[in-house]
Amino acid sequence: MSGCLIMISNIIPKLFNNSNLLQFRQEQLAIFTQKGKPTKKVEEWKYTSLFNLDLENIVLSTKLEKPENNLNGKFYILLSDEIEFNLPKGVTLTKLDAKNYLLLNKDKNPESIQALNMSLAQYGFILNINEDIKEPIYIYEGINNNIAFFYNEININAKAQIVHICNKSKSAIQTTNVNVKNDAHYQFIATANSDAFNINFLNINQLDDTNMQCDFFLQGSGTNRLTHNHFLNKNSKCEIHNLSFGKGNSHHDFHSTINHVGSNSSSKEYAKSLVNDSAFCIFKGSVVVDETVENIKSDQLSKNILLSEKSKIVTQPCLLIDQNDIECNHGATTSSLDKEALFFLQARGIGIKEAKKMLITSFIDEKINRSLSKQIQSFLSGKLFDE
Amino acid sequence: MLDIKNLKVSVEEKEIIHGLNLNIKPGEVHAIMGPNGSGKSTLTNVLSGKEGYTISGDAKFLGENLLELAPEERARKGLFTAFQYPVELPGVSNVSFLKASMNSVLQANNKDLIDAADFLHLVKLKAKKLQISEDFLYRNVNEGFSGGEKKRNEMLQMLMLEPKLNVLDETDSGLDIDALKIVANSVNSLRSNERSFIIITHYQRLLDYIKPDFVHVLYYGKIVKSGTYELALELEEKGYEWLSNYDK
């Protein structure tokens, strides 16, 4: 690790900096140094090994990539030197720089890998939505060169739908803070390709009287880790859908914590995994209700389908409650594709491959797919059925 | 149409059907009646290609070895089974399922696929015949349906696919009188010289509306008696107890 730290120390001054930022970066590095790279002995990283994430020989990414095909021409693409965009009225999108990075809110007690990310953050954007927008805003971040560190902030002050696509062919660590002051629909699609690690920290803070829908997708052949930390203030509501799709030797780990910090708040969380080949999907979801709040409603359901004998799922729905005035449900199911349903479809002339596809699609459709735009459905469908 | 010879079926080494013989010609309607546990549903499952059975004997469907075909191949060749307990398909709408089913059968028979507009026109027409409301078509297959609605949905699938051989496994169970008539009418509307039916039932009442050409009594895995509609009346009067003279 010492060689790693020297390497990082050498990198930091080369990043965009001013003296205050340099100091901040070094402080974060000190936190990482103190805590070290998480091992599987750390409970939260029990199922996801970072052993193969090479932090000994960090060579920072020098370039961000455009999507292979720009699905509808509406992407705002985060690039190394610029952001390609044509923004609607009332929306601003700014590239991360020394000045704005220093001003952004940051976790005061980050876990080690998050501290490392804050120490090395090199790319990122700040999106401000100040007027209601009808069309979704698509943001694309792609990397296929070395390792990259991202820090993003999204401020939703007016009604908005955002589709945030993180397509990583090489390893990346990213933090995105979303501050929600108005009704919002946020979709986060994390793809880890080949042997890449795509490690994301997503912190969402919903202020009073807001409604939010979140759809998360974890996919690709590499390792995805999404640490989702959601705060619900007074009278706020959220509905969260997650779909992890594992194939090959991929590994998708969705860690979600929903914190009810305000009274009269409600949350619904549906986490689904479809796991094929030798892939491994994890859902660890906690709903935390503080003793000072009242009239809380929470539903949490994890549904999983194993598509092969070697595929593996760990699911841990969890309620942490310090209050009586609540209504909370949670549950989990894991099974293979329903053989009776497959037979029924076959008995109506539908071939086994098509029948499986229909059942898989219906599993995804329930709660998730129907809220997606056709472009994203097609994008995901291509990813799911391209074998 | 269907020629079954010496069919023996076992589940986990227990023989359920002991050498069944049945010959069905095009245009014929055969009723198979029998008490609980006589092997009626096992016969249905074996004909439709469900896994989990050890089978010997011979079953030819339109001259082909039925037992060697996958379930979808049987369906594409014109075999239809209306199941006693149709499964629910959450997330799969009735219309998308029916269209996929129809087009799979059409494609396998080298026919033009049906386009969306023609399909919708046709399915609405057939649904009306079964007194099925339009919103029913857009609901997920059998999800939250009553027992009667599930059976009518099976009939809708049959009317859409217009199969050559139709096996109705206790389609009358759980139906009220009106629904029973609707099911019977849909079967009768499909009757033709080229199309055959196997009606599996406990009771004679469905046969009041669908007059079978032949009635067979399945008792402990064997057809122990065959006759005409009058046999169904006799069974209704005497019950199945009098069959205990036959070897189990």
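All values derive from a computational prediction rather than experimental measurement.

Rules used in this analysis
- Residues numbered from 1 in each chain as written.
- Chains lettered and ligands numbered in written order.
- Predicted model: local features only at pLDDT ≥ 70, side-chain atom pairs only at ≥ 80, totals over all residues.
- Heavy atoms only, no water.
- Contact = heavy atoms within 4.5 Å.
- Buried area = accessible area lost by both parts, 1.4 Å probe.
- Salt bridge = Lys/Arg side-chain N within 4 Å of Asp/Glu carboxyl O.
- Polar contact = N/O pair within 3.5 Å; in protein donor to acceptor, adjacent residues only side chain to side chain.
- Helix = DSSP H or I, 4+ residues; strand = E, 2+ residues; numbered from the N terminus.
- Axes fitted to C-alpha atoms, helices over the stretch in contact; angles between N-to-C directions.
- Left-handed = near helix turned anticlockwise from the far one by under 90°.
- Nonpolar A, V, L, I, M, F, W, Y, C, P; charged D, E, K, R; others polar.
- Buried < 20%, exposed > 50% of the residue type's maximum accessible area, 1.4 Å probe, protein only.
- Pairing = 2+ DSSP bridges.

### With respect to the interface of chain B and chain A
Inference 1: At the interface, 28 residues of chain B touch 16 residues of chain A.
Inference 2: Roughly 1,800 Å² of surface becomes buried between chain B and chain A when both sides are summed, with 67% attributable to carbon and sulfur atoms.
Inference 3: For chain B, the biggest contributors to the area lost against chain A are Lys50, Glu72 and Val87 of chain B; these three give 27% of the whole.
Inference 4: Glutamate 154 of chain B serves as the salt-bridge partner of arginine 348 of chain A, at 2.9 Å between the closest nitrogen and oxygen.
Inference 5: Between chain B and chain A we count eight residue pairs in polar contact (both at pLDDT 80 or more) in total.
Inference 6: Among the secondary structure elements, those contributing two or more residues to the side of chain B that touches chain A are α2 (71–77), β6 (79–82), β7 (89–93), α3 (94–108) and α6 (147–161) of chain B.

### Quick look at the packing of α3 of chain B against α6 of chain B
All names here are of chain B.
Inference 1: Remark: α3 packs on α6, axes separated minimally by 10 Å, with the N-to-C direction vectors making an angle of 35°. In terms of crossing hand, the pair formed by α3 and α6 is right-handed. Counting all contacts with α3, which are made through Asn94, Phe97, Leu98, Ser101, Met102 and Val105, the residues of α6 involved are Asn153, Leu156, Gln157, Met160 and Leu161.
Inference 2: Residue classes in the contact of α3 with α6 are distributed as seven nonpolar, four polar and no charged.

### So, the pairing of strand β11 (residues 214–219) of chain B
Residues and elements named next belong to chain B.
Inference 1: With five of six residues buried, β11 is to be regarded as a mostly interior element.
Inference 2: Note that strand β3 (residues 29–33) and β11 share four bridges and pair parallel. Each bridged residue has a counterpart across the sheet, and for methionine 33 the counterpart in β11 is valine 217.
Inference 3: The antiparallel hairpin formed by β11 and strand β12 (residues 222–227) contains two residues in its connecting segment, where tyrosine 220 sits at a positive phi of about 50°.

### Concerning the environment of threonine 39 of chain A
Residues and elements named next belong to chain A.
Inference 1: Following the sequence through the fold, threonine 39 ends up in the loop between α2 (19–35) and β1 (75–78).
Inference 2: Threonine 39 gets classed as partly exposed once you look at its relative accessible area, which sits at 43%.
Inference 3: With 19 residues separating them in the primary sequence, threonine 39 and isoleucine 58 have C-alpha atoms 19 Å apart.

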